[in-house]
Amino acid sequence: MSRRYAVLDVFTETALEGNPLAVVLDAQGLEGDAMQRIAREFNLSETVFVLPPEDGRHRARLRIFTPARELPFAGHPTVGSAVLLALEHGSGGADAQAFGLEERVGVVPCVARIDGPRSGHARFRLPKLPMPVGEHDPNPADCAMALGLDPDDIGFDRHAPSRHDAGNAFTFVPLRSLDALAKLRAEPTFPAVFGQDAHGAVYAYAPRPGAGRLAFRARMLALGLGDGVREDPATGSAAAAFAGALMQHEPMGDGTHDVTIEQGIEMGRPSLISLQLAVESGALASGEIGGSAVVIARGELFA
């Protein structure tokens, strides 16, 4: 049988920017190993398979695969799928659609709007609040060596390296300048310092001068499929876990805080991620990730 699919660019309003995503609709009857092979065929950072929800109150159930493994949760697949499903079910206009998406991490509440015949914007509530990973924060000198930087490049203000998990785990490395971020590279010690499993992902970030206290630019490097370290142009799950680093290092008073994150600039795939934090009694109460997406291709999958 044939199955419909779409390819979207996520965390951007412009085609051929942002982070590409494949979404396979009508995925009923596909087993996990078949999904894994299809994800490997698309060879994008993630491929989503849309299934009927287990609870009829929700819009759909999602399974998310990299070319190597299934993920419990990912940000740009959630945003892109929410926009695509809004386009599939909606008639346009300014009204937002609110619905739940079932992922392995749990139900992810989403709100999506249609901006055009192939584009829209979505935001979702973090299904899991970030938690620290490990008993000790990474050593700044080790981080500098593994990223081809000088020790003085690591850290700014109160920010120091840390590890957090909000569905996927990341090592967060603050850098003092955009210049340091631009020259970042993975050295041979990268796996030894950052890990060779799910923790082998690094989210380096630097403040954007003149853009406000909570405006950053980031790069995400992770171990690839036997071919060294790969870079991701936009990483929503990292932005979700980044909320933990912000709570650890920023003076976040009670109330709502809006964070903007540029990513993919150095790759020529500019992306923009919004992160909103709600702080109550000095603790993170909830968070939302938001971004735009545009459909760049549709087709049929014969698999």
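Okay, so let's go over this structure. The structure displayed is predicted, hence computed values, not measured ones.

## Observations regarding the packing of aromatic side chains
Counted under the stated rule, the structure contains 12 aromatic pairs. Judged by centre distance (5.9 Å) and plane angle (85°), the rings of Phe-156 and Tyr-205 are edge-to-face. Of this pair, Phe-156 sits in the loop between α3 (140-146) and β10 (162-165) while Tyr-205 sits in strand β12 (residues 201-207), and the two are 49 residues apart along the sequence. The exposure class assigned to Tyr-205 is buried, which follows from its relative accessible area of 0%.

## Here we look at the nonpolar core
In this structure, Phe-242 and Ile-289 are the most contacted members of the largest nonpolar core, which totals 63 residues. At eight residues, helix α6 (residues 236-249) tops the list of elements feeding residues into this core. Membership of the second largest hydrophobic core comes to 17 residues, among which are Leu-149, Leu-175, Val-202 and Ala-206.

## What to know about the pattern of salt bridges
Tallying each qualifying case throughout the model produces 19 salt bridges. Across the pair Asp-9 and Arg-269 runs a salt bridge, and its minimum N-O distance is 3.1 Å. Pair noted here: Asp-9 is in strand β1 (residues 3-10) and Arg-269 is in the loop between β15 (255-263) and β16 (271-280), with a separation of 260 residues, a long-range link. Arg-269 carries the same exposure label as Asp-9, and that label is buried. Measuring nitrogen to oxygen at the nearest pair gives 3.6 Å for the salt bridge that ties Asp-153 to Lys-183. In this pair, Asp-153 is assigned in the loop between α3 and β10 and Lys-183 in helix α4 (residues 178-183), connecting sequence segments 30 residues apart. One connected set of salt bridges, linked through shared partners, spans Arg-4, Asp-26, Glu-88 and Arg-298.

## Here we look at α6
With 14 residues, α6 should cover 20 Å at 1.5 Å per step; its first-to-last C-alpha distance of 20 Å lies within 8% of that length. Along α6, 12 of the 14 residues are buried, which leaves the element largely enclosed by surrounding structure. Those residues of α6 that fall on the buried side of the exposure criterion are Gly-236, Ser-237, Ala-238, Ala-239, Ala-240, Ala-241, Phe-242, Ala-243, Gly-244, Ala-245, Leu-246 and His-249.

## Concerning unusual backbone geometry
Of note in this structure, Phe-11 is not a glycine but carries a positive phi near 65°. Tracing the chain through its elements places Phe-11 in the loop between β1 and β2 (19-24). The class for Phe-11 is buried, based on a relative accessible area of 1%.

Calculation criteria
Residues numbered from 1 in each chain as written. Predicted model: local features only at pLDDT ≥ 70, side-chain atom pairs only at ≥ 80, totals over all residues. Heavy atoms only, no water. Phe/Tyr/Trp six-rings, centres within 6.5 Å; stacked < 30°, edge-to-face > 60°. Helix = DSSP H or I, 4+ residues; strand = E, 2+ residues; numbered from the N terminus. Buried < 20%, exposed > 50% of the residue type's maximum accessible area, 1.4 Å probe, protein only. Core = buried A, V, L, I, M, F, W, Y, C linked by side-chain atoms within 4.5 Å. Salt bridge = Lys/Arg side-chain N within 4 Å of Asp/Glu carboxyl O. Expected span 1.5 Å × (residues − 1).

Note that all results are geometric; they support no functional claim without further evidence.
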